[in-house]
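One-letter residues, chain by chain:
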Amino acid sequence: MTTKLYSLILFLSIYWFICLYIGFKTQKKIISPVEFFIFGRELPGWSYITIVTGTIFSCWIFFVQPSLIFLNGFPFAMTSLFVIAIPLVGILFSKRQWILSKRYGFVTPSEMIAEYFKSDILRILIVILSLGFAIPFIALQLSLGGLLINVLSDELVGTGSGAILIGSVIIVYLSLGGLRSLIYINGFQFLFFTFGIVCIGFITYDLVGGWDLLNESLSRIANLKENLFNIKENYKSYLTIPGTIQSVNLLNDSSSYNGIWTTTMILTFAFAVTGIQVSPNISMLNFASKDVQTFATQQIWFSSFLMGFLLIFFTTAIGVGSILLGGNYIINQSGNNISNIIPANIYPNEIESLVPHLINLIGEYSAVFFGILVVCAISAIQATSSLYLTSSAIITRDILKRFFVKNMNNNDQIFSSRISLMFIFIISLIVSIQFGDDILNLGSFSLAIACQMFVPLIAVCYISWFTKQGVSLGIIVGIIAVFFTESIGQKMFGDFVFWNKWPLTIHSSVWGVLCNIIAATVISFITQDTKENNNKFKFHDFINENKSYSLTRRSLKPSAWILAGAWLFFALGPGSIMGNELFGRPASVESWSFGMPSIWVWQVVFWILGILLIWFLAIKMEMSTNPNKTIISQTEDIGSGFRG
């Protein structure tokens, strides 16, 4: 065995021993399901921040985002502004959900929506959405983790075995301590994965010869006339957005398709990633928070500022820099590559192995640094482990306890959740193996499914007019629309579907939500019920009494809508085309005003403006500040059968 392999075994053993030790130490402190699932609604602010930020961003920005930037260039890198779009969505829903959960004792969003509509059908549909998001998303993490260990062990450990190792550790410490175990584990995992992104970013800068040589090389790439993979766009589109809405025209119908990154594709893909924020799993973490003020801190400083900084200056550099290191055979053939230290065969069908290969390079020079980066990469995968726990809670409370074992006591709920954790892991593992060659498309599908939560959340938080019949049918229609506009539908329905995935360069999440809203609106119009409305008004009245919006906030409301709309239009929408050449022509490095591609400068400008927008909405508009009134809970657990 080489020194690198000894380092891999040593560092992973120490890291996993610490995770398991924390799980065993927290096991004895678990008393009730509310404590096991949401820490008794007393999750400290710093823990909420690390768990939520890690769950939403860690694996995606560590592995997926640099891989897709590597393939598609700066137009896809513009989607990194989802660091602003995600807290925008959180500002809309998080505080209002927290208020209702605190008042009525909701532990899962399925309980909240079912109680709001008085509908067990909707309870089941929310469970389906939760698992439809969580299982493929967990499968994505397991697949990437297995690939990581496979590459770093020089293929001594198979991808399936690597996935089993990672998943088994997660299941053990979650089963022992529940959310309590994540307080400390996710704390250091958060530090590791952020440190790892910075390190790999600097490594990439060093390998390409520094900032100036990176940008000079990118300007030469813009002059290449060859087509980007399987679409009729040349390499000028690597540094510029190729227009607005377009029809999809493939070079080879039998090959995969990764999108034409027009403004509509960028905007709708960023919307898809916000599906993580509205997923039932993140809602449960919101319920766990001790207070609302933590939401603002997470939204402004950790999502918008910190994650934005990492994505724009490090993840982007990892992606675009790697095409100069031998990872793109077209660049190699043109003579514009700087070196050949990355395997050329990862482009275009093995792009998810990009970051593992970069980490593997370090093993040849420093075993200690290599071991640290291994821990950072595994931390990025394990930081999403709350998805396992929240999904098991939803199964236990909204399926097993509601329909099968109604008198389930506290110990039974915790035990059932532990069994559910194991089943979720096994199913996710099977999915990861089954879709191993198409795992990034599976991740896209999971995001689109999660986005179907928008309509029920809009109903609960804002619009009482929607009925249970309308929302139920809307979710079903939305799910069907996602299948028909995703790659999974292309394979399932074959020639019956005459369009490619993401028709008209619009992501499947938007097609699903659009069909969802239309169906919900039409059916709600014809199924209005006075008794149902009276129950819903109770929830909306309570939100209005406790949202603590001042007169100043009300006067600024039109300004807030205008600012948010303008930011979306220019940062992610059609206005972003202005950034193509405003600060210099793509193929002429001498014309670049700030020594970097114009579209990159445009992204930095709107990242900074986005941070100010989130601050304005969260603090100035009081959309993520604590209510002025103390909320008196009717019960800590609506499923306990007791109402105070």
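Residues numbered from 1 in each chain as written. Predicted model: local features only at pLDDT ≥ 70, side-chain atom pairs only at ≥ 80, totals over all residues. Heavy atoms only, no water.

**Points about the overall build of the protein**
Step number 1: Broken down by element type, the protein carries 27 helices and zero strands.
Step number 2: Along the first, second and third principal axes, the C-alpha atoms of the protein reach 75 × 55 × 50 Å.
Step number 3: Put simply, the protein has 644 residues, and 64% of those count as buried.
Step number 4: Partitioning the contacts of the protein with sequence separation of at least 6, the portion at a separation of at least 24 is 80%.
Step number 5: About 23000 Å² of surface is accessible on the protein, with carbon and sulfur atoms providing 65% of the total.
Step number 6: Positive and negative side-chain charges of the protein, numbering 36 and 32 respectively, have mean locations separated by a distance of 13 Å. (Helix = DSSP H or I, 4+ residues; strand = E, 2+ residues; numbered from the N terminus. Buried < 20%, exposed > 50% of the residue type's maximum accessible area, 1.4 Å probe, protein only. Contact = heavy atoms within 4.5 Å. Areas by Shrake-Rupley, 256 points an atom, 1.4 Å probe, with all protein chains shown as cover. Lys, Arg positive; Asp, Glu negative; His and termini not counted. Charge placed at Lys NZ, Arg CZ, Asp CG, Glu CD.)

**What about the packing of helix α3 (residues 45-72) against helix α5 (residues 82-104)?**
Step number 1: Packing of α3 against α5 brings their axes to within 13 Å, and their N-to-C directions diverge by 155°. On the basis of their axis angle, the class for α3 and α5 is roughly antiparallel. Pair α3 / α5 crosses with right-handed handedness. Counted together, Ile56, Phe57, Trp60, Ile61 and Gln65 of α3 and Phe82, Val83 and Ile86 of α5 form the full contact between these two elements.
Step number 2: Across the contact of α3 with α5, the residue classes break down as seven nonpolar, one polar and no charged. (Axes fitted to C-alpha atoms, helices over the stretch in contact; angles between N-to-C directions. Parallel < 35°, antiparallel > 145°, perpendicular 65-115°, else oblique. Left-handed = near helix turned anticlockwise from the far one by under 90°. Nonpolar A, V, L, I, M, F, W, Y, C, P; charged D, E, K, R; others polar.)

**A short note on the layout of surface pockets**
Step number 1: Space inside the largest pocket adds up to approximately 850 Å³.
Step number 2: Every residue lining the largest pocket is counted, 29 residues in all, and those nearest its centre are Leu88, Val89, Leu92, Trp561 and Leu568.
Step number 3: Counting only elements with at least two residues in the lining of the largest pocket, the list comes to α5, α11 (263-273), α21 (454-461), α24 (508-526) and α26 (551-571).
Step number 4: Here the lining of the largest pocket gets seven residues from one element, more than from any other, and that element is α5.
Step number 5: For the lining of the largest pocket, the per-class residue count stands at 24 nonpolar, one polar and four charged. (1 Å grid on protein atoms, 1.4 Å probe; cavity = no way out; pocket = protein on both sides within 12 Å on 5 of 7 lines; lining within 4 Å. Points joined across faces, edges and corners; volume = space filled by probe spheres on them.)

**Topic: the nonpolar core**
Step number 1: Formed by 215 residues in total, the largest nonpolar core has its most connected members in Phe62, Phe63, Phe82, Ile359 and Tyr388.
Step number 2: With 17 residues, helix α7 (residues 120-152) is the single largest residue contributor to this core.
Step number 3: Once residues lying within four places of it in the same chain are set aside, the contact partners of Phe62 are Phe193, Gly196, Ile197, Ile200, Val355, Ile359, Cys376, Ala377 and Ala380. (Core = buried A, V, L, I, M, F, W, Y, C linked by side-chain atoms within 4.5 Å.)

**A closer look at helix α27 (residues 598-620)**
Step number 1: The end-to-end C-alpha distance of α27, which contains 23 residues, comes to 32 Å, matching closely the 33 Å that a straight helix rising 1.5 Å per residue would cover.
Step number 2: Note on α27: the residue one or two positions beyond its end, Glu622, has a positive phi of about 60°. (Expected span 1.5 Å × (residues − 1).)

**Overview of the pattern of salt bridges**
Step number 1: By the definition in use, this model includes nine salt bridges.
Step number 2: With a closest N to O distance of 3.1 Å, Lys118 and Glu115 form a salt bridge.
Step number 3: Among the residues examined, Lys118 registers a relative accessible area of 49% and is labelled partly exposed.
Step number 4: The exposure class of Glu115 is buried, given its relative accessible area of 19%.
Step number 5: One network of salt bridges, in which partners are shared, links Asp120, Arg123, Asp398 and Arg402. (Salt bridge = Lys/Arg side-chain N within 4 Å of Asp/Glu carboxyl O.)

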